[in-house]
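# Structural description and commentary
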Amino acid sequence: RLTRSSNKGDRADMKCFNEPNIDDHLESEAVDLADYAWKHSIVHVCEGGENGQLDTARNDQLLNFDWQLTKIEKVGVVEVIRGGQMYLKLRPNDRPVRLVTHAQQLSAPAVDKDPREYCSQLLGGRLTMIYETELFPEIVKVRETAEHYCLSRGSGGKE
């Protein structure tokens, strides 16, 4: 609805009411894009199938506790698991990613209720190498980072 100011010929004083606020719209789109990126980044890397990007996604995302926890908080544990499963379709012999993804699946009911439970779930035995013949440094790092997170929260963090 347009209204005019008291100066009838002055177009600069015309005002439009009920017009959407463009700043709110752009902010909303930015949030949607950020959520989209958190939800689908691994999907797009896997669909591209480029080895360098897969290596980066593996090391900086799938085997990175901080990234995993942030993604869980933003889009949920199911999306983290889905990314690991998609990656494993391309690289089925990646044992560290398989161990982390399996631990996430076992932890999903508790983590879905409270994402802060993620570190205690991993340290409480979900992410273990007890049956492995060799220690995977990637898993050791995930566990150490989870332990530091738990300790900083004051929950102990030791098995």
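About the cut-offs
- Residues numbered from 1 in each chain as written.
- Predicted model: local features only at pLDDT ≥ 70, side-chain atom pairs only at ≥ 80, totals over all residues.
- Heavy atoms only, no water.
- Axes fitted to C-alpha atoms, helices over the stretch in contact; angles between N-to-C directions.
- Helix = DSSP H or I, 4+ residues; strand = E, 2+ residues; numbered from the N terminus.
- Parallel < 35°, antiparallel > 145°, perpendicular 65-115°, else oblique.
- Contact = heavy atoms within 4.5 Å.
- Nonpolar A, V, L, I, M, F, W, Y, C, P; charged D, E, K, R; others polar.
- Salt bridge = Lys/Arg side-chain N within 4 Å of Asp/Glu carboxyl O.
- Buried < 20%, exposed > 50% of the residue type's maximum accessible area, 1.4 Å probe, protein only.
- Core = buried A, V, L, I, M, F, W, Y, C linked by side-chain atoms within 4.5 Å.
- Expected span 1.5 Å × (residues − 1).
- pLDDT = per-residue confidence, 0-100.
- Disulfide = S-S within 2.5 Å.
- Polar contact = N/O pair within 3.5 Å; in protein donor to acceptor, adjacent residues only side chain to side chain.

### Side note on the packing of helix 3 (residues 65-75) against helix 7 (residues 137-153)
Think of two packed helices as two axes; the pair is described by the angle between the axes and how far apart they sit. Their axes nearest at 9 Å, the elements helix 3 and helix 7 cross at an angle of 60°. Judged by the angle between their axes, helix 3 and helix 7 are oblique. Here Phe 65, Asp 66, Leu 69 and Glu 73 of helix 3 come into contact with helix 7, specifically with Val 142, Thr 145, Ala 146 and Tyr 149. When grouped by side-chain class, the residues that make up the contact of helix 3 with helix 7 number 5 nonpolar, 1 polar and 2 charged.

### Side note on the pattern of salt bridges
Taken as a whole and judged by the stated rule, the model has 6 salt bridges. For the salt bridge of Arg 91 with Asp 55, the shortest nitrogen-to-oxygen distance reads 2.6 Å. Here Arg 91 is found in the loop between helix 4 (77-90) and helix 5 (95-113), whereas its partner Asp 55 is found in helix 2 (residues 51-62), with 36 residues between them in sequence. Take Arg 91: its relative accessible area is 18%, and that puts it in the buried class.

### Quick word on the nonpolar core
One finds Phe 65, Tyr 87, Tyr 118, Leu 122, Leu 127 and Ile 139 to be the most contacted residues of the largest nonpolar core, which totals 33 residues. Elements with a minimum of two residues in this core: helix 1 (22-48), helix 2, helix 3, helix 4, helix 5, helix 6 (118-126) and helix 7. It is helix 5 that contributes the most residues to this core, 6 residues altogether. Contact partners of Leu 122, with chain neighbours within four places excluded, come to Phe 65, Gln 68, Ala 103, Leu 127, Val 142 and Arg 143.

### Focus: helix 4
Relative to the 20 Å expected for 14 residues at 1.5 Å per residue, helix 4 spans 21 Å between its end C-alpha atoms, a close match to the ideal helical length. Along helix 4, the positions that sit buried rather than exposed are Val 77, Glu 79, Val 80, Ile 81, Gly 83, Gly 84, Tyr 87 and Leu 88.

### Digging into the confidence of the model for the chain
Confidence along the chain averages 83 in pLDDT terms, with 77% of residues attaining 70 or more. Within the chain, no element has a lower average pLDDT than strand 1 (residues 2-3), which sits at 48, and none a higher one than helix 5, at 96.

### Overview of the state of the cysteines
For the structure shown, the criterion picks out 1 disulfide. Each sulfur in the disulfide pair Cys 119 and Cys 150 lies 2.0 Å from the other. The sign of the 115° torsion about the S-S bond sets the Cys 119-Cys 150 disulfide as right-handed. Here Cys 119, found in helix 6, pairs with Cys 150, found in helix 7; they are 31 residues apart in sequence, far enough to count as distant.

### Some thoughts on the side chain of Gln 68
You can see Gln 68 is positioned in helix 3. Polar side-chain contacts of Gln 68 include one of 2.4 Å to the side chain of Tyr 118.

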